[in-house]
Amino acid sequence: MAVKLDGKKLSIKLTNDLQVETKTLKNQGIIPKLAVILVGDDPASRVYVRNKHRMAEKIGIESLDLRLAKDTSEAELLEKIALLNNDPTINGILVQLPLPDQINADRITKTISPKKDVDGFHPYNLGRLFVNDPYAIPCTPNGIMYLLREYGISVDRKNVVIVGRSKIVGRPLAALMLNQNATVTVAHSHTKNLSEITRQADILVAAVGRVNFIQAQDVKPGAIVIDVGINRNAAGKLVGDVEQTEVGQVAGYLTPVPGGVGPMTIAMLMKQTIEFAKWSKQEK
Ligand SMILES: NC(=O)c1ccc[n+]([C@@H]2O[C@H](COP(=O)([O-])OP(=O)(O)OC[C@H]3O[C@@H](n4cnc5c(N)ncnc54)[C@H](OP(=O)(O)O)[C@@H]3O)[C@@H](O)[C@H]2O)c1
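On a predicted model such as this, the values are computed, not experimentally measured, just so you know.

### Focus on the packing of aromatic side chains
Taken as a whole, this structure holds 3 aromatic pairs when the rule is applied. Summarising the aromatic geometry, the rings of Y135 and W279 are spaced 4.9 Å apart at their centres and angled 45° between planes, so their arrangement reads as tilted. You can see Y135 sitting in the loop between α5 (123-130) and α6 (139-150) and its partner W279 sitting in helix α10 (residues 261-279), a full 144 residues away along the chain. For the pair Y135 and W279, a shared accessibility class is recorded, and that class is buried. Here the aromatic cluster, defined as three or more aromatic residues joined through ring pairs, consists of Y135, F276 and W279. In this structure, K115 packs its charged tip against the face of Y135, placed 4.8 Å from the ring centre.

### Some points on the domain arrangement of the protein
A common measure of how large an interface is: the accessible area buried when the components associate. When its domains are assigned, the protein resolves into domain 1 (30-114) and domain 2 (139-262). Distance from the C-alpha centre of domain 1 to the C-alpha centre of domain 2: 29 Å.

### Quick word on the sheet that holds strand β3 (residues 62-68)
With parallel pairing, 3 strands are arranged side by side in an open sheet as β3-β2-β4. Since the sheet does not close on itself, it has two edges, and those belong to β3 and β4 (92-95), each with one partner. Strand-to-strand, the axes of this sheet are offset by a mean angle of 15°, without reference to chain direction. Inspection of the sheet shows strand β2 (residues 33-39) paired to β3 by 7 bridges, in the parallel sense. Directly across from V39, in β3, lies its bridge partner L68. Helix-sheet contacts for α10 involve β2 and β4, and the interaxial angle to β2 is about 130°.

Conventions we followed
- Residues numbered from 1 in each chain as written.
- Predicted model: local features only at pLDDT ≥ 70, side-chain atom pairs only at ≥ 80, totals over all residues.
- Heavy atoms only, no water.
- Phe/Tyr/Trp six-rings, centres within 6.5 Å; stacked < 30°, edge-to-face > 60°.
- Helix = DSSP H or I, 4+ residues; strand = E, 2+ residues; numbered from the N terminus.
- Buried < 20%, exposed > 50% of the residue type's maximum accessible area, 1.4 Å probe, protein only.
- Lys NZ or Arg CZ within 6 Å of the ring centre and 35° of its normal.
- Domains from an automatic or database assignment.
- Pairing = 2+ DSSP bridges.
- Axes fitted to C-alpha atoms, helices over the stretch in contact; angles between N-to-C directions.
- Contact = heavy atoms within 4.5 Å.

This is how it looks when you write it as C-alpha coordinates:
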(Lines give C-alpha, C1' and ligand atoms only; values in the text may rest on other atoms or scores of the structure.)
Protein backbone atom coordinates (compact mmCIF):
# COMPACT_ATOMS: atom_id res chain seq x y z
CA MET A 1 0.00 0.00 0.00
CA ALA A 2 1.27 3.45 -0.91
CA VAL A 3 2.14 5.87 1.86
CA LYS A 4 -0.33 8.76 1.83
CA LEU A 5 1.27 12.15 1.19
CA ASP A 6 -1.08 14.02 3.46
CA GLY A 7 -1.35 17.59 2.19
CA LYS A 8 -4.24 18.37 4.50
CA LYS A 9 -2.30 17.49 7.64
CA LEU A 10 0.80 19.29 6.44
CA SER A 11 -1.14 22.41 5.44
CA ILE A 12 -2.63 22.61 8.95
CA LYS A 13 0.86 22.50 10.45
CA LEU A 14 2.07 25.13 8.00
CA THR A 15 -0.87 27.47 8.62
CA ASN A 16 -0.30 27.19 12.38
CA ASP A 17 3.33 28.24 11.81
CA LEU A 18 2.18 31.11 9.59
CA GLN A 19 -0.23 32.26 12.30
CA VAL A 20 2.68 32.55 14.72
CA GLU A 21 4.70 34.41 12.08
CA THR A 22 2.00 37.02 11.42
CA LYS A 23 1.79 37.71 15.16
CA THR A 24 5.52 38.35 15.28
CA LEU A 25 5.28 40.59 12.21
CA LYS A 26 2.40 42.55 13.71
CA ASN A 27 4.62 43.37 16.68
CA GLN A 28 7.08 44.84 14.17
CA GLY A 29 4.29 46.87 12.54
CA ILE A 30 4.00 44.62 9.48
CA ILE A 31 0.48 43.48 8.55
CA PRO A 32 0.41 41.32 5.42
CA LYS A 33 -2.48 42.20 3.11
CA LEU A 34 -3.84 40.29 0.13
CA ALA A 35 -6.25 41.68 -2.48
CA VAL A 36 -8.39 39.10 -4.25
CA ILE A 37 -10.35 40.15 -7.32
CA LEU A 38 -13.25 38.07 -8.56
CA VAL A 39 -14.89 39.07 -11.83
CA GLY A 40 -18.35 37.55 -12.37
CA ASP A 41 -20.11 34.85 -10.41
CA ASP A 42 -18.67 31.49 -11.47
CA PRO A 43 -19.73 29.16 -8.62
CA ALA A 44 -16.41 27.26 -8.41
CA SER A 45 -14.44 30.54 -8.39
CA ARG A 46 -16.68 31.90 -5.64
CA VAL A 47 -15.86 28.87 -3.48
CA TYR A 48 -12.10 29.22 -4.16
CA VAL A 49 -12.16 32.92 -3.31
CA ARG A 50 -14.18 32.35 -0.14
CA ASN A 51 -11.68 29.72 1.00
CA LYS A 52 -8.79 32.11 0.39
CA HIS A 53 -10.40 34.84 2.49
CA ARG A 54 -11.20 32.39 5.28
CA MET A 55 -7.67 31.05 5.35
CA ALA A 56 -6.20 34.57 5.30
CA GLU A 57 -8.36 35.59 8.23
CA LYS A 58 -7.41 32.47 10.19
CA ILE A 59 -3.72 33.18 9.70
CA GLY A 60 -3.90 36.89 10.45
CA ILE A 61 -3.50 38.20 6.91
CA GLU A 62 -5.79 41.08 6.01
CA SER A 63 -7.70 40.40 2.85
CA LEU A 64 -9.48 42.76 0.50
CA ASP A 65 -12.46 41.20 -1.25
CA LEU A 66 -13.05 42.92 -4.61
CA ARG A 67 -16.07 41.66 -6.53
CA LEU A 68 -16.61 42.98 -10.03
CA ALA A 69 -19.59 42.43 -12.31
CA LYS A 70 -19.45 39.80 -15.05
CA ASP A 71 -19.55 42.52 -17.75
CA THR A 72 -16.58 44.48 -16.29
CA SER A 73 -14.38 45.71 -19.14
CA GLU A 74 -10.69 44.89 -19.40
CA ALA A 75 -9.90 48.61 -19.02
CA GLU A 76 -11.82 48.78 -15.75
CA LEU A 77 -10.01 45.75 -14.36
CA LEU A 78 -6.62 47.13 -15.46
CA GLU A 79 -7.43 50.37 -13.68
CA LYS A 80 -8.27 48.49 -10.45
CA ILE A 81 -4.97 46.60 -10.66
CA ALA A 82 -3.03 49.81 -11.22
CA LEU A 83 -4.55 51.25 -8.02
CA LEU A 84 -3.59 48.13 -6.07
CA ASN A 85 -0.09 48.13 -7.56
CA ASN A 86 0.39 51.65 -6.21
CA ASP A 87 -1.19 51.00 -2.81
CA PRO A 88 1.66 50.47 -0.31
CA THR A 89 -0.63 48.65 2.15
CA ILE A 90 -1.30 45.84 -0.37
CA ASN A 91 1.37 43.09 -0.51
CA GLY A 92 -0.27 40.58 -2.82
CA ILE A 93 -2.74 40.80 -5.71
CA LEU A 94 -4.61 37.80 -7.03
CA VAL A 95 -7.07 37.82 -9.90
CA GLN A 96 -9.18 34.67 -9.78
CA LEU A 97 -9.16 32.75 -13.07
CA PRO A 98 -10.94 32.04 -15.35
CA LEU A 99 -11.91 35.54 -16.47
CA PRO A 100 -14.91 36.40 -18.67
CA ASP A 101 -14.28 36.32 -22.45
CA GLN A 102 -14.01 40.12 -22.87
CA ILE A 103 -10.87 40.15 -20.66
CA ASN A 104 -7.48 38.90 -21.85
CA ALA A 105 -6.02 36.96 -18.91
CA ASP A 106 -2.42 37.27 -20.18
CA ARG A 107 -2.67 41.05 -20.27
CA ILE A 108 -4.05 41.06 -16.73
CA THR A 109 -1.25 38.78 -15.49
CA LYS A 110 1.38 41.05 -17.02
CA THR A 111 -0.15 44.15 -15.42
CA ILE A 112 0.10 42.92 -11.83
CA SER A 113 3.35 44.19 -10.33
CA PRO A 114 5.81 41.23 -10.21
CA LYS A 115 6.52 42.20 -6.59
CA LYS A 116 2.83 41.68 -5.71
CA ASP A 117 2.23 38.73 -8.03
CA VAL A 118 1.32 36.13 -5.36
CA ASP A 119 0.34 33.58 -7.99
CA GLY A 120 3.78 33.83 -9.61
CA PHE A 121 2.28 33.86 -13.12
CA HIS A 122 3.94 37.08 -14.36
CA PRO A 123 6.53 36.35 -17.10
CA TYR A 124 9.14 38.15 -14.95
CA ASN A 125 8.58 35.66 -12.12
CA LEU A 126 8.40 32.65 -14.44
CA GLY A 127 11.66 33.84 -16.04
CA ARG A 128 13.38 34.17 -12.68
CA LEU A 129 12.21 30.67 -11.81
CA PHE A 130 13.65 29.38 -15.07
CA VAL A 131 17.08 30.86 -14.41
CA ASN A 132 17.00 29.42 -10.88
CA ASP A 133 16.74 32.79 -9.16
CA PRO A 134 13.09 32.64 -8.06
CA TYR A 135 11.12 35.50 -6.55
CA ALA A 136 7.42 34.52 -6.58
CA ILE A 137 6.73 30.84 -7.28
CA PRO A 138 3.37 29.53 -8.54
CA CYS A 139 1.51 28.09 -5.54
CA THR A 140 0.58 24.61 -6.77
CA PRO A 141 4.09 23.58 -7.89
CA ASN A 142 5.55 25.23 -4.81
CA GLY A 143 3.14 23.24 -2.64
CA ILE A 144 4.16 19.99 -4.36
CA MET A 145 7.86 20.68 -3.69
CA TYR A 146 7.07 21.56 -0.07
CA LEU A 147 5.10 18.33 0.37
CA LEU A 148 7.93 16.21 -1.04
CA ARG A 149 10.51 17.99 1.11
CA GLU A 150 8.47 17.54 4.29
CA TYR A 151 8.19 13.80 3.59
CA GLY A 152 11.95 13.61 3.17
CA ILE A 153 11.77 12.91 -0.56
CA SER A 154 14.64 14.40 -2.53
CA VAL A 155 14.16 14.88 -6.28
CA ASP A 156 17.92 14.93 -6.93
CA ARG A 157 18.86 12.19 -9.48
CA LYS A 158 15.23 11.13 -9.84
CA ASN A 159 13.44 10.60 -13.13
CA VAL A 160 10.46 12.92 -12.94
CA VAL A 161 7.61 12.74 -15.45
CA ILE A 162 5.05 15.53 -15.41
CA VAL A 163 1.93 14.99 -17.50
CA GLY A 164 0.57 18.44 -18.38
CA ARG A 165 2.42 21.59 -19.50
CA SER A 166 0.17 24.41 -18.29
CA LYS A 167 1.63 27.72 -17.16
CA ILE A 168 0.22 27.23 -13.68
CA VAL A 169 1.31 23.68 -12.97
CA GLY A 170 3.41 21.64 -15.43
CA ARG A 171 5.89 24.25 -16.70
CA PRO A 172 6.80 25.91 -13.39
CA LEU A 173 6.96 22.50 -11.68
CA ALA A 174 9.40 21.30 -14.35
CA ALA A 175 11.62 24.32 -13.62
CA LEU A 176 11.50 23.73 -9.85
CA MET A 177 12.37 20.06 -10.28
CA LEU A 178 15.20 20.86 -12.69
CA ASN A 179 16.54 23.48 -10.26
CA GLN A 180 16.76 20.69 -7.69
CA ASN A 181 18.64 18.32 -10.00
CA ALA A 182 15.84 16.05 -11.17
CA THR A 183 15.84 14.70 -14.71
CA VAL A 184 12.56 16.00 -16.03
CA THR A 185 10.24 14.89 -18.84
CA VAL A 186 7.16 16.98 -19.56
CA ALA A 187 4.42 15.11 -21.43
CA HIS A 188 1.30 16.57 -23.04
CA SER A 189 -1.44 15.77 -25.52
CA HIS A 190 1.07 15.32 -28.39
CA THR A 191 3.29 12.88 -26.50
CA LYS A 192 3.72 9.44 -28.09
CA ASN A 193 3.69 6.23 -26.03
CA LEU A 194 2.78 8.05 -22.85
CA SER A 195 2.40 4.96 -20.70
CA GLU A 196 5.92 3.80 -21.60
CA ILE A 197 7.22 7.19 -20.45
CA THR A 198 5.22 7.36 -17.23
CA ARG A 199 6.42 3.86 -16.29
CA GLN A 200 9.99 5.23 -16.23
CA ALA A 201 9.10 7.79 -13.57
CA ASP A 202 10.46 7.67 -10.05
CA ILE A 203 8.16 10.63 -9.45
CA LEU A 204 5.04 10.87 -11.59
CA VAL A 205 2.91 14.02 -11.57
CA ALA A 206 -0.52 14.06 -13.21
CA ALA A 207 -1.84 17.55 -14.03
CA VAL A 208 -4.23 16.84 -16.88
CA GLY A 209 -7.77 17.41 -15.68
CA ARG A 210 -9.20 13.98 -16.60
CA VAL A 211 -10.79 11.39 -14.32
CA ASN A 212 -8.81 8.10 -14.04
CA PHE A 213 -6.21 9.29 -16.54
CA ILE A 214 -3.35 7.48 -14.79
CA GLN A 215 -3.99 3.78 -14.19
CA ALA A 216 -1.95 1.18 -12.30
CA GLN A 217 -0.30 -0.06 -15.52
CA ASP A 218 1.12 3.44 -16.12
CA VAL A 219 3.01 3.44 -12.82
CA LYS A 220 6.38 1.92 -11.92
CA PRO A 221 6.15 -0.16 -8.71
CA GLY A 222 7.22 1.97 -5.76
CA ALA A 223 6.94 5.29 -7.63
CA ILE A 224 5.93 8.54 -5.95
CA VAL A 225 2.67 9.67 -7.54
CA ILE A 226 1.37 13.22 -7.26
CA ASP A 227 -2.23 13.71 -8.30
CA VAL A 228 -2.86 17.37 -9.11
CA GLY A 229 -6.21 16.94 -10.87
CA ILE A 230 -9.45 18.29 -9.47
CA ASN A 231 -12.36 16.77 -11.36
CA ARG A 232 -15.92 15.63 -10.77
CA ASN A 233 -16.62 12.03 -11.68
CA ALA A 234 -19.94 10.77 -13.14
CA ALA A 235 -21.37 10.53 -9.62
CA GLY A 236 -20.41 14.17 -8.92
CA LYS A 237 -17.66 13.20 -6.50
CA LEU A 238 -14.42 15.20 -6.34
CA VAL A 239 -11.60 13.09 -7.80
CA GLY A 240 -8.14 13.61 -9.25
CA ASP A 241 -6.46 12.39 -12.44
CA VAL A 242 -5.19 9.15 -10.89
CA GLU A 243 -7.25 6.00 -10.43
CA GLN A 244 -6.42 5.92 -6.73
CA THR A 245 -7.47 2.40 -5.66
CA GLU A 246 -5.28 0.30 -7.99
CA VAL A 247 -2.48 2.86 -8.20
CA GLY A 248 -2.43 2.86 -4.39
CA GLN A 249 -1.44 -0.82 -4.57
CA VAL A 250 1.49 -0.17 -6.95
CA ALA A 251 2.89 3.22 -5.92
CA GLY A 252 5.22 3.82 -2.99
CA TYR A 253 3.67 7.19 -2.15
CA LEU A 254 0.46 8.82 -3.36
CA THR A 255 -1.32 12.13 -2.77
CA PRO A 256 -5.07 11.75 -2.14
CA VAL A 257 -7.76 13.90 -3.76
CA PRO A 258 -9.10 15.75 -1.89
CA GLY A 259 -6.55 16.37 0.85
CA GLY A 260 -3.33 16.23 -1.17
CA VAL A 261 -2.06 19.02 -3.44
CA GLY A 262 -5.16 21.26 -3.04
CA PRO A 263 -4.64 22.31 0.59
CA MET A 264 -0.93 22.86 -0.06
CA THR A 265 -1.75 25.32 -2.86
CA ILE A 266 -3.75 27.64 -0.63
CA ALA A 267 -1.20 27.37 2.21
CA MET A 268 1.58 28.40 -0.21
CA LEU A 269 -0.48 31.39 -1.33
CA MET A 270 -0.63 32.57 2.27
CA LYS A 271 3.08 31.92 2.78
CA GLN A 272 3.92 33.93 -0.34
CA THR A 273 1.78 36.87 0.84
CA ILE A 274 3.63 36.93 4.16
CA GLU A 275 6.98 36.75 2.38
CA PHE A 276 6.00 39.68 0.14
CA ALA A 277 5.08 41.69 3.23
CA LYS A 278 8.53 40.99 4.71
CA TRP A 279 10.35 41.62 1.41
CA SER A 280 8.50 44.93 0.93
CA LYS A 281 10.63 46.23 3.82
CA GLN A 282 13.86 45.14 2.18
CA GLU A 283 15.24 44.83 -1.37
CA LYS A 284 15.20 41.33 -2.73
N1 LIG B 1 -4.79 20.92 -6.69
C2 LIG B 1 -4.67 22.20 -7.08
O3 LIG B 1 -4.45 23.08 -6.28
C4 LIG B 1 -4.76 22.51 -8.54
C5 LIG B 1 -4.22 23.68 -9.05
C6 LIG B 1 -4.28 23.91 -10.42
C7 LIG B 1 -4.92 22.97 -11.23
N8 LIG B 1 -5.48 21.86 -10.69
C9 LIG B 1 -6.13 20.83 -11.50
O10 LIG B 1 -5.11 20.17 -12.25
C11 LIG B 1 -5.61 19.77 -13.50
C12 LIG B 1 -4.75 20.42 -14.58
O13 LIG B 1 -4.88 21.82 -14.49
P14 LIG B 1 -4.20 22.81 -15.54
O15 LIG B 1 -4.69 24.17 -15.25
O16 LIG B 1 -2.73 22.52 -15.56
O17 LIG B 1 -4.92 22.26 -16.87
P18 LIG B 1 -4.75 22.67 -18.39
O19 LIG B 1 -4.27 24.05 -18.55
O20 LIG B 1 -6.05 22.28 -19.03
O21 LIG B 1 -3.62 21.69 -18.91
C22 LIG B 1 -3.84 20.33 -19.04
C23 LIG B 1 -2.61 19.68 -19.61
O24 LIG B 1 -2.89 18.30 -19.81
C25 LIG B 1 -2.46 17.91 -21.11
N26 LIG B 1 -3.28 16.84 -21.64
C27 LIG B 1 -4.59 16.85 -21.97
N28 LIG B 1 -4.97 15.67 -22.49
C29 LIG B 1 -3.86 14.90 -22.51
C30 LIG B 1 -3.60 13.58 -22.96
N31 LIG B 1 -4.56 12.80 -23.49
N32 LIG B 1 -2.35 13.09 -22.83
C33 LIG B 1 -1.37 13.84 -22.27
N34 LIG B 1 -1.55 15.10 -21.84
C35 LIG B 1 -2.80 15.63 -21.96
C36 LIG B 1 -2.62 19.16 -21.95
O37 LIG B 1 -1.77 19.05 -23.08
P38 LIG B 1 -1.66 20.22 -24.22
O39 LIG B 1 -0.82 21.27 -23.59
O40 LIG B 1 -1.01 19.53 -25.34
O41 LIG B 1 -3.07 20.67 -24.47
C42 LIG B 1 -2.20 20.25 -20.98
O43 LIG B 1 -0.81 20.46 -21.01
C44 LIG B 1 -7.08 20.20 -13.51
O45 LIG B 1 -7.87 19.13 -13.04
C46 LIG B 1 -7.12 21.33 -12.50
O47 LIG B 1 -8.39 21.50 -11.91
C48 LIG B 1 -5.40 21.60 -9.36
